[in-house]
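# Coordinate analysis (summary)
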Amino acid sequence: MDTKDISQILISDEYEREQKIHDLIKDRRSLNINIELSKRLTASQKAADKMAEFTGSWKFIAIFTAIVLAWGIANTRLILTEPFDPYPYVFLNLILACISSIQAPIIMMSQNREAQKDRLRAENEYLINTKSEIILEDLHMKIDNIINRQHILEDEMENMIGLIETLRKEIVLRREPNGAKNNRKEESDLYN
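As a starting point, this report considers the structure included with it.

On to the overall build of the protein, then. If you tally the helices and strands in the protein, you get seven helices and zero strands. The helix and strand sequence of the protein, counted from the amino end, reads α-α-α-α-α-α-α. Contacts in the protein between residues at least 24 apart in sequence constitute 60% of all its contacts with a sequence separation of at least 6.

Printed below as a string of structure tokens:
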């Protein structure tokens, strides 16, 4: 929805405006972005997300630390007479560099998807806020209309009360001072 649509809703006649607002309300804009995007993920994207989730956890850090320590202990001269990767652990560094070079793009792919989710969430929230704003504006206009009608009805009621008071005074003036009524013909003329 763009601002042109909103301006049309705010400017059009009352019936059209009502129709557009009801169409907007029927058109459900709020979506669970996580569910909608997870429906479209490929197997490789799901694997990348799982890997990024795992490698960004304390579990990964603990396992990785344990492996590096075990590697270092297993390759010392105290345990093995001929270690396969002696101290500066060149082979371990090569393996770690390879893991890092593969891991970085996979994590970046997952972060790009998270950024896309954030953009979609922001757009979804904007649409929801716009819809709420239009509905609130419509309610505000309806309440103003009700208040205006109430003022008109109050004025009409005051006029009617004034007329009733005037009629009462006329009736009282046509009665005799002792409370007896004048002849019935005059009273019947008053009501006719």
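Structure shown, so let's carry the discussion forward.
Once that is clear, we can look at the pattern of salt bridges. This structure, assessed with the given rule, holds five salt bridges. In this structure, Lys 117 engages Glu 114 in a salt bridge whose closest nitrogen and oxygen atoms are separated by 3.3 Å. Here Glu 114 and Lys 117 lie together in helix H6 (residues 90-173), a separation of three residues that amounts to about one turn. Residue Lys 117 is classed as buried on the basis of its relative accessible area of 15%. The closest approach of N and O atoms between Asp 118 and Arg 121, which form a salt bridge, is 2.7 Å. Remark: Arg 121 and Asp 118 occur in helix H6; sequence separation between them is three residues, near one turn of the helix. For Arg 121, a relative accessible area of 26% gives the class partly exposed.

A surface patch of nonpolar side chains, amounting to about 500 Å² of accessible area, comprises Leu 69, Ile 73, Ile 79, Leu 80 and Phe 84. Position of Ile 79 among the secondary structure elements: in the loop between helix H5 (58-74) and H6.

For the coordinates displayed, the defined rule picks out five aromatic pairs. Between Phe 60 and Phe 64, the aromatic rings sit 5.5 Å apart at their centres with planes inclined by 20°, giving stacked as the arrangement. One end of the pair, Phe 60, and the other, Phe 64, are both in helix H5, four residues apart, so they sit about a helical turn from each other. A relative accessible area of 30% means that Phe 64 is categorised as partly exposed. When the ring of Tyr 87 is compared with that of Tyr 89, the centres are 5.6 Å apart and the planes differ by 85°; the resulting orientation is edge-to-face. Of the residues examined, Tyr 87 reaches a relative accessible area of 63% and is grouped as exposed. Relative accessible area serves as the criterion here: at 17%, Tyr 89 is assigned to the buried category. A connected cluster of aromatic rings, assembled from ring pairs, spans Phe 54, Phe 60 and Phe 64.

This paragraph deals with H5. Spanning 17 residues, H5 covers 24 Å between terminal C-alpha atoms, matching the ideal 24 Å at 1.5 Å per step. Among all positions of H5, only Phe 60, Trp 71 and Gly 72 are buried. Within H5, the buried residues cover an arc of 95° as seen down the axis, which keeps them to one side. Those residues of H5 that are exposed and aimed more than 90 degrees away from the buried face are Trp 58, Lys 59, Leu 69 and Ile 73.

In this section: the side chain of Arg 113. Topologically, Arg 113 is positioned in helix H6. Contacts of Arg 113, omitting those with residues within four sequence positions, involve Leu 41, Gln 45, Ala 48 and Asp 49.

So, about the environment of Lys 46. Summarising the element assignment, Lys 46 is placed in helix H4 (residues 43-55). Sequence separation between Lys 46 and Ser 110 is 64 residues, and the spatial gap between their C-alpha atoms is 8.8 Å.

Rules used throughout
- All chains use their own residue numbering, which begins from 1 and follows the written sequence.
- Since the coordinates come from a predicted model, pLDDT governs what is reported: local features require at least 70, and pairs of side-chain atoms require 80 or more to be given and counted, while whole-chain, interface and lining totals use all residues.
- Only hydrogens and water are set aside when side-chain values are computed; all heavy atoms of the structure are taken into account.
- Secondary structure elements are taken from DSSP: a helix is a run of H or I of four residues or more, a strand is a run of E of two residues or more, and numbering for both begins at the N terminus.
- Throughout, a contact is declared for two residues whenever any of their heavy atoms are within 4.5 Å.
- The salt bridge criterion pairs a side-chain nitrogen of Lys or Arg with a carboxyl oxygen of Asp or Glu, the two atoms within 4 Å.
- Only protein chains enter the accessibility calculation, which uses a 1.4 Å probe; a residue whose area is less than 20% of its type maximum is buried, one above 50% is exposed, and one in between is partly exposed.
- Patches here: salt-bridge-free residues with over 30% relative accessible area, like charges joined within 9 Å, nonpolar side chains (Val, Leu, Ile, Met, Phe, Trp, Tyr) joined within 5 Å.
- Here, Shrake-Rupley sampling with a 1.4 Å probe gives the accessible areas, and only protein chains in the shown set may cover a residue.
- Classification of ring pairs rests on two measures: the distance between centres of Phe, Tyr or Trp rings, Trp counted by its six-membered ring, which must be within 6.5 Å, and the angle between planes, read as stacked under 30 degrees, edge-to-face over 60 and tilted in between.
- In a helix, the anticipated span is given by 1.5 Å times the number of residues less one.
- The arc in question is traced by the directions running from the helix axis to the C-beta atoms.

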